[in-house]
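# Examination of the molecular architecture
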Amino acid sequence: TFSMTPNPGYAIQRVLVDASSVGAVATYTFPNVTAPHTIEAIFEWQAQGEHTVTVPGNTQWLDSGILIDVGDVMTFAAQGTVVYNNQGNSCGPAGADWTDAQKQDPLWQKPHAGLIAKIEGIGAPFFVGASYKVRAASSGKLLLGINDYWHQGNTGEFIVTIQVEE
């Protein structure tokens, strides 16, 4: 009898016995073994659950390591402080009390230096702020960033908790 145990964050996608799928089983028993056999477990990352990601203030886009599927519901909760200029002005994930009149920030109509996100490959960022809930319209890696065109000189960080549900 063989047991397939995924690492945290992973699930059994399928198990192959002698190159044929026996489904997503957690155990498999070879009855009356009289010849060589092979068994292979294939695991996949599961986005469902709670994830915590630290987003440095000088980050344009950070790969969260979370794979999102179409229809997944993402609930964000963020805290922390980012200093966004050399005068020491700072804000939390909800951003500054002004928007980018020069239209250079990724989401220039949203608060400057706030927390933003997008699904890789889609290209359209969305504003997260301190809290946000959204259903994914596409699949891909979840990227997190700072709504600041001049992000390179920023300091500080946002700590983001993301709950993903089907």
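Everything numeric in this text was worked out from a predicted model, so none of it was measured.

Turning next to the overall build of the protein chain. On a plain count of helices and strands, the protein chain comes out with zero helices and 14 strands. Moving toward the C terminus, one meets the helices and strands of the protein chain in the order β-β-β-β-β-β-β-β-β-β-β-β-β-β. The C-alpha radius of gyration of the protein chain comes to 21 Å, more than 25% above the 15 Å expected for a compact globule of 166 residues. Taking the principal axes of its C-alpha atoms as reference, the protein chain extends roughly 75 × 25 × 20 Å. With 166 residues in all, the protein chain has 36% of them scored as buried. When the accessible surface of the protein chain is split by element, carbon and sulfur atoms take 49% of a total near 9,200 Å². Within the protein chain, one finds 7 positive and 15 negative side-chain charges whose respective centroids are separated by 8 Å.

Attention shifts here to the side chain of H151. Within the secondary structure, H151 sits in the loop between β13 (140-146) and β14 (155-165). Take H151: its relative accessible area is 9%, and that puts it in the buried class. Setting aside its immediate chain neighbours within four residues, H151 contacts G57, N58, T59 and Q60.

With that settled, the discussion passes to the nonpolar core. I68, M74, F76, L142, L144, V160 and I162 are the most contacted members of the largest nonpolar core, which totals 25 residues. For this core, the secondary-structure elements that each account for two or more residues are β6 (49-56), β7 (62-68), β8 (73-83), β10 (115-119), β13 and β14. I12, V15, V17 and F30 belong to the second largest nonpolar core, which has five residues in total.

This part takes up the sheet that holds β7. Read across the open sheet, the four strands follow the order β7-β13-β10-β11; overall the sheet is antiparallel. Strand pairing shows two members of the sheet lacking a second neighbour, β7 and β11 (126-127), which therefore form its edges. With four bridges joining them, β7 and β13 adopt antiparallel strand pairing. By the bridge assignment, L62 is partnered in β13 with L144.

To continue, consider the pattern of salt bridges. Inspection of every chain in the model, using the stated rule, returns one salt bridge. Measuring nitrogen to oxygen at the nearest pair gives 3.3 Å for the salt bridge that ties K141 to D63. Of this pair, K141 sits in strand β13 while D63 sits in strand β7, and the two are 78 residues apart along the sequence.

Criteria and thresholds
- As a convention, each chain's residues are numbered from 1 in the sequence order in which they are written.
- Thresholds applied to this predicted model are a pLDDT of at least 70 for local features of residues and 80 or more for the giving and counting of side-chain atom pairs; totals over whole chains, interfaces and linings are not thresholded and use all residues.
- Excluding hydrogens and water, the side-chain figures rest on all heavy atoms present in the structure.
- Put simply, DSSP H or I for four residues or longer makes a helix, DSSP E for two residues or longer makes a strand, and each gets a number counted from the N terminus.
- Values of the radius of gyration come from C-alpha atoms, whereas the globule rule sets the reference at 2.2 Å times the count of residues to the power 0.38.
- Accessible area is worked out with a 1.4 Å probe on protein chains only. A residue is then buried under 20% of its type maximum, exposed over 50%, and partly exposed in between.
- Here the Shrake-Rupley method, with its probe set to 1.4 Å, supplies the accessible areas, and only the displayed protein chains count as covering residues.
- Under this rule, positive means Lys or Arg and negative means Asp or Glu; His and the chain ends count for nothing.
- For the purpose of locating charges, the reference atoms are NZ of Lys, CZ of Arg, CG of Asp and CD of Glu.
- Whether two residues are in contact is decided by their heavy atoms, any of which lying within 4.5 Å being enough.
- Nonpolar cores are built from buried Ala, Val, Leu, Ile, Met, Phe, Trp, Tyr and Cys residues. Side-chain atoms within 4.5 Å join them into one set.
- The criterion for strand pairing is that DSSP finds at least two bridges linking the strands in question.
- Any carboxyl oxygen of Asp or Glu that lies within 4 Å of a side-chain nitrogen of Lys or Arg is treated as forming a salt bridge with it.

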